[in-house]
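An overview of the molecular structure
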Amino acid sequence: MAPGRYLYAGLATIINIVLNALTGGHFLWLEGRVRRDVFYNWLHRYRYRPPHFARPQTEAELVALVRNASGGIRVFGSGHSFNSGVVADETLISLDRYSGVLWKDRKKKQIAFRAGTRIRDVNRALLEEGWAFAALPSHDAQSIGGIISTDVHGTGRDWGFVSEAVAAIKLLDGRGELIECLPEDDLYKAAIGGVGAVGIIVEVVVQAVDAFRVQQATEIWARKDVEANLDRLLEENEHFSLYIFPFGDLCQINTWNRTLARRSPLGSAREFINYSVDAILSAWVADALAHLRILPRLSNAMLRVIRNTNLVLESGEAFNRTVYYPHHELEFTVPYEATIPTLNLFLALYEEHYARHMPFFAIEVRFTPGGHDRTLIGAGKEQRSAWLNLLCNDSGLHETFLKLAEQEVKAIGGRPHLGKYCETVDRAYMEAVHGEAFSRFRELVHKHDPQGKFVNDFTRRLFEPGAA
């Protein structure tokens, strides 16, 4: 264990919870920002000083920045990334001040947001109109532009991706041109999951649905029962996911289903307490057990003390949560049929290397249906997928395990989520897992960013031949 990192992770969790409560859910300390000209990602773990930094407030300012730049531009919303994709060779642009509602069309139930708008604020704006997203990913601090530029997903039987609830986007490309893109356009598909390589997403038009409530429940199950009933659990629940833990035979299942029932009394407060307790247990207790080398003996016991929960909440509140504790993520997809063997492979990998003082580890397993055609290089493209998100506490030596895990991901042909830990994936591997769609993506990158204005070391490695 690195005692300093352990204490940092635990104290940061407490600070985050307290500040978020005092500001009514409007502020998190663990968000990416620039202080004294130094960029910090959401973990405050990755930092650098960009040569130039800009906070545009208008579309015209954004256009001028791109047209006048010689190159090396990168953009961030909440800085909720786990890799160096946000490192700018020349100019780092924050979209924090480029946020808010642009227009509403009440007949079509459409609402346009500036790309820097945080998901928590998108949810509030939708609810004011009596609307909602059809479904959402799990983190409310991300920006609307950021989550579609990494093709962020939810988990469910029939619905999977935020981009499926986006009616249109406006893209600012490397030539300084503003282009309206619809879901059927290849340029739209290159922007969705394209981590900013074809341009800056400046506007997102959300196709809303009528507001609805969700019954959200968590239960502890035996892992063998989940494995035996996985198809049925997915079929019976609109939205379903798992948390799997090493050295034990228990796991947590999570379900979200529409309901006409009334909101649970004090539901928001109870939800806040539930997530706060989970965060504190993960940051302080679970990581202590891991580093004291007693996790194998106490893994099941730790899960047995967790209470099942059952709350009725507004959909945005149920699908979203506020992430309080520092951790690292490596996420990838495999075909749904490979869910169980792949899960067992990575549990065994952690257990094999546990003696090397690994931090606490868990796997979040989510699911998306087949047929997703709104992206060229998104990890959930076309195939019915299981998403395995490897979570390591930020308390030292996490990278030792994540490097090992990423080699295993590549060995089995997993498709990487480009917003997560992604340190050894390169252009050859992207071409291998995405085929002709990757070639089309690169054509569009070169057409819309001919001078390489949005290129950095991260995108060179992923998209250019021969890059180290």
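Overview of the structure. Quick caveat, the model's predicted, so the values are computed rather than measured.

1. A word on unusual backbone geometry
For Asp-151, which is not a glycine, the phi torsion comes out positive at approximately 50°. Tracing the sequence through the fold places Asp-151 in the loop between α4 (144–149) and β10 (166–172). On the basis of relative accessibility, which here comes to 1%, the residue Asp-151 falls in the buried class. In this structure, Val-195 is a non-glycine residue whose phi angle is positive, near 45°. The topology assignment puts Val-195 in the loop between α5 (186–191) and β12 (200–207). What makes Val-195 buried here is its relative accessible area of 10%.

2. Here's the deal with the nonpolar core
Counting residues in hydrophobic clusters, the biggest one holds 72 residues, and the most contacted among them are Phe-133, Ile-148, Phe-441 and Phe-463. Residues in contact with Phe-441, not counting those within four places in the same chain, are Ala-190, Gly-194, Ala-197, Leu-376, Ile-377 and Phe-463.

3. Concerning a nonpolar patch on the surface
On the surface, Ile-14, Val-18, Leu-22 and Ile-280 cluster together into a nonpolar patch covering about 340 Å² of accessible area. Per-element tally for the nonpolar patch: the top contributor is helix α1 (residues 3–22), with three residues. Val-18 sits in the partly exposed class, given a relative accessible area of 41%.

4. A look at the pairing of β12
With seven of eight residues buried, β12 lies mostly within the body of the structure. Bridge count between strand β8 (residues 110–114) and β12: five bridges; the pairing is antiparallel. The partner of Ala-112 across the bridge, within β12, is Val-205. As paired elements, β10 and β12 share six bridges and run antiparallel to each other.

5. Some words on helix α8 (residues 267–291)
Taking 1.5 Å of rise per residue, 25 residues should cover 36 Å, and α8 covers 35 Å from first to last C-alpha, within 8% of that figure. Within α8, the axis deviates most sharply at Ser-282, by approximately 40°. Where α8 ends, the next residue or the one after it, Arg-293, has phi of about 65°, a positive value.

6. A short note on the layout of surface pockets
There is about 610 Å³ of room inside the second largest pocket. Arg-124, Asp-140, Gly-316, Glu-317 and Thr-322 are, among the 26 residues lining the second largest pocket, the residues nearest its centre. Going through the elements one at a time, α1, α3 (119–128), β9 (131–132), α8 and α10 (315–319) are the ones with two or more residues in the lining of the second largest pocket. Per-element tally for the lining of the second largest pocket: the top contributor is α3, with five residues. Residue classes in the lining of the second largest pocket are distributed as nine nonpolar, nine polar and eight charged.

7. Observations concerning the sheet that holds strand β18 (residues 327–335)
Ordered in space as β17-β14-β16-β15-β19-β20-β18-β21, the eight strands form an open sheet in which the pairing is antiparallel. Of all the strands in the sheet, the pair left with one neighbour each is β17 (309–314) and β21 (415–416). Across six bridges, strand β15 (residues 239–244) lies against strand β16 (residues 250–259) in antiparallel orientation. Across the sheet, residue Ile-244 finds its bridge partner in β16, namely Cys-251. Against the sheet, helix α12 (residues 398–412) makes contact with β18, β19 (361–368) and β20 (385–393), and its axis sits at roughly 10° relative to β18, the strand it touches most.

What counts, and where the lines are drawn
Residues numbered from 1 in each chain as written. Predicted model: local features only at pLDDT ≥ 70, side-chain atom pairs only at ≥ 80, totals over all residues. Heavy atoms only, no water. Helix = DSSP H or I, 4+ residues; strand = E, 2+ residues; numbered from the N terminus. Buried < 20%, exposed > 50% of the residue type's maximum accessible area, 1.4 Å probe, protein only. Core = buried A, V, L, I, M, F, W, Y, C linked by side-chain atoms within 4.5 Å. Contact = heavy atoms within 4.5 Å. Patch = residues over 30% accessible without salt bridge, like charges linked within 9 Å, V, L, I, M, F, W, Y side chains within 5 Å. Areas by Shrake-Rupley, 256 points an atom, 1.4 Å probe, with all protein chains shown as cover. Salt bridge = Lys/Arg side-chain N within 4 Å of Asp/Glu carboxyl O. Pairing = 2+ DSSP bridges. Expected span 1.5 Å × (residues − 1). Bend = angle between axes of the 7 residues up to and from the residue. 1 Å grid on protein atoms, 1.4 Å probe; cavity = no way out; pocket = protein on both sides within 12 Å on 5 of 7 lines; lining within 4 Å. Points joined across faces, edges and corners; volume = space filled by probe spheres on them. Nonpolar A, V, L, I, M, F, W, Y, C, P; charged D, E, K, R; others polar. Axes fitted to C-alpha atoms, helices over the stretch in contact; angles between N-to-C directions.

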